[in-house]
Amino acid sequence: MHIQNDYADQIRLISGSQDLKCMKCGRCSASCPQYEEMDVRPHQFVSYLQRGDIDALMDCESIWKCLSCFACVERCPRDVKPARLIEAARLLRIRRQSDDEFITPEQVPALLELDPDIPQQLLASVFRKYVK
Amino acid sequence: MVFSYYPGCTLKTQAKELDRLARNSAKVLGIILEEVEDWQCCGAVYPLGTDEIATKLASVRVLKEAAKKGQPLVTLCAACTHVIKRVNDDMKNNGDIRRKVNKYMEEEADYKGETEVLHLIEVINKYIGFDKLKEYVKNPLTGRKIGAYYGCMLLRPSSVMAFDDPENPTIFEKFIKALGADPVIYPYRNECCGGYISLKEKDRVKEMVATIKENAKHNGAEQLITACPLCLYNLKQISCRDLNIDYLTEILAEALGITYNSEEEVSYAYSK
Amino acid sequence: MQKIGVFVCHCGTNIAGTVNIDEVVENAKHEPGVKYVAEYPYMCSEAGQSMVQKAIDEHDLSGIVISACSPRMHETTFRRAAARTKLNPFMLEMANIREQCSWVHKDKEEATNKAHALTRAAIAKVHHNTPLFPGESPVTKRALVIGGGIAGVSCALDIAEAGFVVDIVESTPSIGGKMAQLDKTFPTLDCSACILTPKMVDAQFHENINIHTYSEIESVEGFVGDFTITIRKKARSVDMKKCTGCGACYDKCPIKKIPGEFDEGLGMRTAIYTPFAQAIPNVPVIDREHCLKFKTGKCGLCETVCAPDAIDFEQEDELITEKYGAVIIATGITPISLDKFGEYAYTSPDVITSLEFERMTNAAGPTKGELIRISDKKKPKSITFIQCVGSRDVAVRSKTYCSKICCMYTAKHAMLVKDKYPDIEVNVFYIDVRTPGKNFDEFYRRAVEEYGVNYIKGQVGKVVDNGDSLWIQAVDMLDNKQIKTKTDLIVLATAIEPVKSVRNIAGMLSASIDTNNFMTEAHPKLKPVESPTAGVFLAGACQGPKDIPETVAGAGATAAKVIGLLAKDKLITNPCIADLDPYYCNGCSACEKVCPYGAISYEDTEINDHGKKAIRRIAVINKALCQGCGACVVTCPSGAMDLLGFSNRQITAEVDAICR
């Protein structure tokens, strides 16, 4: 439990997000384009954090589903920044164990051969999002 | 008007047109874009973590180069605009990040967010004005129904990006109108295209893009323009008859009457 | 040498819990001039006050110090006690050892030391106190109400009924305010116009009420009991005395497509218009911005058809100056602008605000009470209400407070729809349903239980206008499901804010206003209808979001306070005002420039300077105008100005005593 609380504080620190401001209005989940894809929904991020259930947050699918489109951040009436919360959970997960199997630099030439249109920007993004 | 210019990785590779046509068009408009020397990739994704320092350094180096010249920094790619504007905001308003970055860089002068970061469309709006832009148009795009696809990164979070009204933006529509075409306003122009997940989950991206394109077509668009190479790539993942997807610089160059393969024009920017 | 008594109060444990009273008493005994020291658990009680009075008489005290709470709390109490003896009440000082000491400290030793220092300072001050005698000022028995909505009208009627003359100033062409725009009122569903218009008529015909519509406050001078206020009556371009209200002018006006303010832009009005049929006064106004005659010099149709010859294109603004004893601010609220809420697609004609909905359901409204989509005039099959639009939101475009009335009026709207068209599906997205109030929660439950309104805990993220229908993306948080559905009409429960002009009005009256532009009360609980500025009172939603019952009840309270003031023949004035030593004054005018009350002027005065007579230009203080703020004292470069009761000597003595 102690470790979990440490993680909760780390998430608060990394995200710079104030979970206590949340009034559970649901505008984040109402705005999220990836809601259906997520197992933990945007309005629930704060709940997981507040009860210290950080392992579940770090293991959830939502950390890979958030597009960082910031619709939730823009529309949140309390400035809670749900996208920053889930990003912090993703960072903790990546730092502990990066998803290296998804992509390695060696795979890039093959990918480009398969689809020569892939923009550099996509490759750069993917390395930022999935790899340590 | 001389500006520092940050093309970014994709504009040197997949999105060469976005870069070349921008330089050519800018020259016609009297905007000189001086490419920042030895720039590095901004990373394409803004490092949201407040403890992420190393991933912000590439942006700070570019910002600092522009600051040395006292020039605003112009970007074109939506992702570069997003990342560099946000890092600049951190350097200006987040004392902790500013201190750590400056300490890490160990250079004489600290950087405190002095540089103004502008997307090319903001430069045109601010320094030329869309009314004046009309006067430069040689081939007005009369009768063309063009929708702007803003995506996420230029608009949100609006408190930092300060690009336009994040829910009902109008700057691209004013631009399209100035070029003589009919701007098509459609509600999905600020909805996400799926972004980086297209490598892992292409089908999901196709679903999202389909909704955007249907919405644009429903409202009468025959062409979409974007400032983002990834948005362009994603939007092209499903074919859709009668709806071309192009960079905003392509319609700009077209309206200004810039011939497509003029190497001379390109070299202008380097030689000043 | 003064003979000083010191009285230390325990305030139960409020002070004694943190301050060692015995030590304070012991220390006070050794202060110069102190002849008597006592302590008591509750000095403000009857027994405590008697103790003070008795000590003054028995020990022939010439000055006293009460070490207790803030002077704001009980200075008046103890001054009254002193006045019952031979002592001048201004020979008394309070040492605040509660709010400024025991309440803010935890350490007993530190708090005790501070209590001692504060008591010591008060004793040092009393040494320099002199008897002061309050003056009197007159009371003009007339009140001014700013704002002619339900708050202003009911307050004016109550004051007028008590026999005092009241003027109402209203900026729009008619009184009635926001309530006149409403269809039905919660929780009884009685017709708003049916209960409001009789009150408007009462005000119109009351012998003690004068109504100035299409008018604004131009300037304010003076103070409680004696305000001089100038009202600008904007040119109506219609002679109020001649007009019979027949309406021929607006029937003939060729400019017919101006979005009407009263119908929230849903209906059109003419360039010469009365905002609504029951307007008071029933005299039209020419909107000069849109009138052809004013724009081009041609037309003048209204003048041609006006039988009583009331049209006056030459009419100019008129300035009226009047004296008042009291002013009531009742400027009310208005919905916030939704320009920055693009995600709700407010630009779509079928996305409307709640106030627009009121006009639409009103039989006298632009659709004659028929519920339709403005875009295609079709009856909607489903309506979605969105709560908290711009309320409880920290973003710049929004308001951080709860607008309070929206939960109830949305329940009302939902029921009105269901009552008239049971087949329409009604969904309400809410964050919380807040319905405290008599019969309020029952009202909301009726919407759910009897009318089948769907209340969905969650919000709407995006609205898309597809032309033939609207599409929404929302969330049902209790079901943990995202909702993507079509709807035909959307009603936004828009946050309310004070009208913009209130800032200027508050500024002219020196009444304080909070960060949200709501008027601030003198005390949120004990003086809820008074502003902190004497003689300026508050009524209605200019103080904060209020519904109609609350507004009317509050306006009655305001009237009672105003009547209490106007019933007095004279007001006792504070004697702690500026005091000039003419020998030091060099006539530089510095004090005149800083005086916020215009209380200082200059006169050539004969001065006897060491036997030499000379005419010098020196400052003269108007004792009725001076409020004792002290600005002149700190400005005077030659030290000629002083403040009675807070003289430089007294303050220096206090500082010296604290530093000792």
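Values in this document were obtained by computation on a predicted structure and should not be read as measured data. In this numbering scheme, every chain counts its residues from 1 along its sequence in written order. To read the labels, note that chains go from A and ligands from 1, taken in the order they are written. Local features are withheld for residues below a pLDDT of 70 in this predicted model, meaning they are given only at 70 or higher, and side-chain atom pairs are given and counted only at 80 or more; totals for whole chains, interfaces and linings count all residues.

Asker: Lay out the interface of chain B and chain C with the relevant residues and their values.
Answerer: Counting residues at the interface gives five residues for chain B and eight residues for chain C. For this classification, Asp, Glu, Lys and Arg are treated as charged, while Ala, Val, Leu, Ile, Met, Phe, Trp, Tyr, Cys and Pro are nonpolar and the rest, including Gly, are polar. In the side of chain B that touches chain C, the residues fall into one nonpolar, two polar and two charged. In this description, a residue-residue contact is defined by the distance between C-beta atoms placed from the backbone, which must lie within 7 Å.

Asker: Got a sec to walk through the confidence of the model for chain C? Specific residues and values, please.
Answerer: The predicted model of chain C averages 96 in pLDDT, with 100% of residues at 70 or higher. Predicted as a complex, the structure gets a pTM of 0.88 and an ipTM equal to 0.92. As a per-residue measure, pLDDT tells how confident the predictor is, with possible values from 0 to 100.

Asker: Run through the sheet that holds strand β7 (residues 165-169) of chain C, naming residues and quoting values.
Answerer: All names here are of chain C. With parallel pairing, five strands are arranged side by side in an open sheet as β10-β7-β6-β18-β29. The open sheet has two edge strands with one neighbour each: β10 (209-212) and β29 (536-538). Sheet twist, expressed as the average angle between the axes of neighbouring strands with direction ignored, equals 20 degrees. What makes two strands pair is DSSP finding at least two bridges between them. Helical segments are the DSSP runs of H or I of at least four residues, strand segments are the runs of E of at least two, and each set is numbered from the N terminus. The pairing of strand β18 (residues 326-329) with β29 spans three bridges and is parallel. Bridging across to β29, valine 327 finds its partner in valine 536. Here, axes are lines fitted to C-alpha atoms. For helices the fit covers the stretch in contact, and angles between N-to-C directions go from 0 to 180 degrees. The sheet strands contacting helix α7 (residues 150-161) are β6 (142-146), β7, β10 and β18, and the helix crosses β7 at an angle near 165 degrees.

Asker: Any chance you could break down the interface of chain B and chain A for me, citing the residues and the numbers?
Answerer: The interface of chain B with chain A comprises 34 residues on the first partner and 28 residues on the second. In terms of residue count, the dominant contributor to the side of chain B that touches chain A is helix α10 (residues 229-235) of chain B (three residues).

Asker: Let's hear about the nonpolar core: which residues, and what values?
Answerer: Defined on buried residues, the nonpolar core groups Ala, Val, Leu, Ile, Met, Phe, Trp, Tyr and Cys residues joined through C-beta atoms within 7 Å. With C-beta atoms placed from the backbone, a residue is buried if 20 or more other C-beta atoms are within 10 Å of its own, exposed if 12 or fewer are, and partly exposed between those counts. Among the nonpolar cores identified, the biggest contains 131 residues, and B:Leu63, B:Ala79, B:Ile84, B:Phe172, B:Leu179, B:Ile225 and B:Cys228 are the most heavily contacted of them. Take this core: its biggest share by element is seven residues, from helix α3 (residues 78-93) of chain B. When sequence neighbours within four positions are dropped, the list of residues in contact with B:Leu63 reads B:Leu73, B:Ile84, B:Asn88, B:Met91, B:Tyr111 and B:Thr115. One finds C:Ala156, C:Val475, C:Ala539 and C:Ala555 within the second-largest nonpolar core, a separate group that totals 116 residues.

Asker: Explain the domain arrangement of chain B to me, using residue names and the numbers behind them.
Answerer: All names here are of chain B. The domains assigned to chain B are domain 1 (2-121 + 259-271) and domain 2 (133-256). A domain assignment, automatic or from a database, supplies the domain bounds used here. Inter-centroid distance (C-alpha atoms) of domain 1 to domain 2 is 22 Å. Each partner contributes residues to the interface: domain 1 has 23 residues there, and domain 2 has 23 residues. Elements represented by at least two residues in the side of domain 1 that touches domain 2 include exactly α1 (16-28) and α3.

Asker: Quick one: what's the story with the sheet that holds strand β12 (residues 226-233) of chain C, residue by residue and with numbers?
Answerer: All names here are of chain C. As summarised here, the arrangement of the three strands in space is β11-β12-β17, forming an open sheet in which the pairing is antiparallel. Because the sheet does not close on itself, it has two edges, and the strands there are β11 (215-223) and β17 (318-324). Strand-to-strand twist of the sheet, defined as the mean angle between neighbouring strand axes without regard to direction, takes the value 20 degrees. One ladder, built from seven bridges, connects β12 with β17; its direction is antiparallel. Counted as the bridge partner of phenylalanine 227 is tyrosine 324 from β17.

Asker: Explain α7(C) residue by residue, including any values.
Answerer: Residue and element names in this part refer to chain C. Its 12 residues place the ends of α7 16 Å apart at the C-alpha level, agreeing with the 16 Å of an ideal helix rising 1.5 Å per residue. With 11 of 12 residues buried, α7 lies mostly within the body of the structure. Among the residues of α7, those classed as buried are Ile150, Ala151, Gly152, Val153, Ser154, Cys155, Ala156, Leu157, Asp158, Ile159 and Ala160. Those residues of α7 that are buried lie in contact with β6, β7, α8 (192-205), β10, β18 and α16 (548-566). Phi for glycine 163, located one or two positions after α7, is positive at around 100 degrees. What a helix is expected to span follows from its residue count: subtract one and scale by 1.5 Å.

Asker: Which residues make up the packing of helix α13 (residues 406-420) of chain C against helix α14 (residues 440-449) of chain C, and what values go with them?
Answerer: Residue and element names in this part refer to chain C. Look at α13 against α14: their axes get within 9 Å of each other, and the N-to-C directions meet at 35 degrees. As α13 runs across α14, the sense of the crossing is left-handed. Together, Cys407, Met408, Ala411, Ala414 and Met415 of α13 and Phe440, Phe443, Tyr444, Arg446 and Ala447 of α14 make up the contact between the two elements. Taken together, the residues that form the contact of α13 with α14 break down as nine nonpolar, no polar and one charged. Here a crossing is taken to be left-handed if its near helix is turned anticlockwise relative to the far helix by less than a right angle, and right-handed if that turn runs clockwise.

Asker: Give a description of the pairing of β6(C) that names residues and reports values.
Answerer: All names here are of chain C. For β6, the tally of buried residues reaches four of five residues, placing the bulk of the element in the interior. Note: β6 against β7, five bridges, orientation parallel. When the sheet's bridge partners are listed, isoleucine 146 is paired in β7 with valine 169. On the question of chirality, the crossover connecting β6 to the parallel β7 by way of α7 is right-handed. With four bridges connecting them, β6 and β18 associate as parallel partners. Across the sheet, residue leucine 144 finds its bridge partner in β18, namely valine 327. Crossovers are described as right-handed under a simple rule: with the strands pointing away from the observer, the path leading from the first strand over the helix to the second runs clockwise.

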